[in-house]
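Here is how the chains run, residue by residue.
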Amino acid sequence: MSWRTIAYATGCIALAASLPVWCYEPQPDPATVVITRTPVSGGSYLGVGVAELSQERVKALNLKEDRGVEITRVADDSPASKAGLKTGDVVLEFNGQHVEGLEQFMRMVRETPAWREVKLAINRSGSAQQVAVKTEARKAWTSAGGSGEAVVIPRIELPAIRLPDIARANMSWRSSVLGIEAESLDSQLAEFFGVREGVLVRSVVKASAADRAGLKAGDVIVKVDETRVATPREVTAAVRGSKSKKTVSIAAVREKREMNFSVPVDDGVDASNSAPRSK
């Protein structure tokens, strides 16, 4: 049975994975279909675009620590706009919790119920400020029941669709303290490298702390000071927690054999301007 047959049999069709499923009741006129759309809550909403902080932006913004997210866009008439947030502000804390990066910030916003007031600690032009923002509900649309906006569209016979291959984006992360570019492993890659979980080193900056310690592209970091790590952010957190030491111990798997490396972290070397080196 084709997907078109299933669509007409069930009265539901999805045009793409990211779009809602549209459902309809058979109409007296076989040439048209009437779809009813109803607005529903789609999660908490601040109305800002944010970006990870590069080492260059940390210096340009005169930040004391390499953490937080930079606001790159503020939507008109959004909670952020009403609270006075501006492009170039750096969010350092969310309700008293340190903001380490983009993924964590998005998760904290998403997990905050709508219409709650949250307090943001921000850096604006080198000055620390506190801003209170009241979240709002993001609007989404559904067609499952209820009354709403009726849309009449012609009924058409849909042709067979052959979807093209779509390139998958790989998310990588760069640590200026260690001097590496890395990414998390999925289950298949983890099995290939002989680990259950870990962080794959994609490249090592020449003369960086990691380079001097002997780490190479293709190594999989599994522990930092005996703390197991599975994501680049966990590596960052573990290294920052060891800044009182002169060196940090990193366990990495190379050619399915675990090796230990003593990486210097006390000299504050910034290797972000050096060319990366791949294995």
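Note that the structure is predicted; figures quoted are calculated from it, not measured.

Calculation criteria
Residues numbered from 1 in each chain as written. Predicted model: local features only at pLDDT ≥ 70, side-chain atom pairs only at ≥ 80, totals over all residues. Heavy atoms only, no water. Helix = DSSP H or I, 4+ residues; strand = E, 2+ residues; numbered from the N terminus. Buried < 20%, exposed > 50% of the residue type's maximum accessible area, 1.4 Å probe, protein only. Core = buried A, V, L, I, M, F, W, Y, C linked by side-chain atoms within 4.5 Å. Contact = heavy atoms within 4.5 Å. Pairing = 2+ DSSP bridges.

Asks: Would you take a moment to explain the side chain of T112 for this structure?
Replies: In this structure, T112 sits in the loop between α4 (102-111) and β8 (117-124). Looking at T112, the relative accessible area reads 13%, which means it is buried.

Asks: I'm lost on the nonpolar core in this one. Help?
Replies: One broad rule of soluble globular proteins: the nonpolar side chains tend to lie buried together. Ranked by size, the top nonpolar core spans 21 residues in total, and within it L178, I180, I221, V224, V235, I250 and V263 carry the most contacts. Those elements giving two or more residues to this core turn out to be β13 (180-184), β14 (199-205), α6 (209-213), β15 (220-224), α7 (232-240), β17 (247-254) and β18 (257-264). Non-local contacts of I250, meaning those with residues more than four positions away in its chain, are made with L178, L215, I221, K223, V224, M259, N260, F261 and V263. By size, the runner-up hydrophobic cluster in this structure holds 18 residues, among which are L46, V50, I71 and I122.

Asks: How should the pairing of β13 be read in this particular structure?
Replies: Within a regular strand, side chains alternate between the sheet's two faces. With 4 of 5 residues buried, β13 is to be regarded as a mostly interior element. Pairing geometry for β13 and β14, over 5 bridges, is antiparallel. When the bridges of β14 are listed, A182 appears paired with V201.

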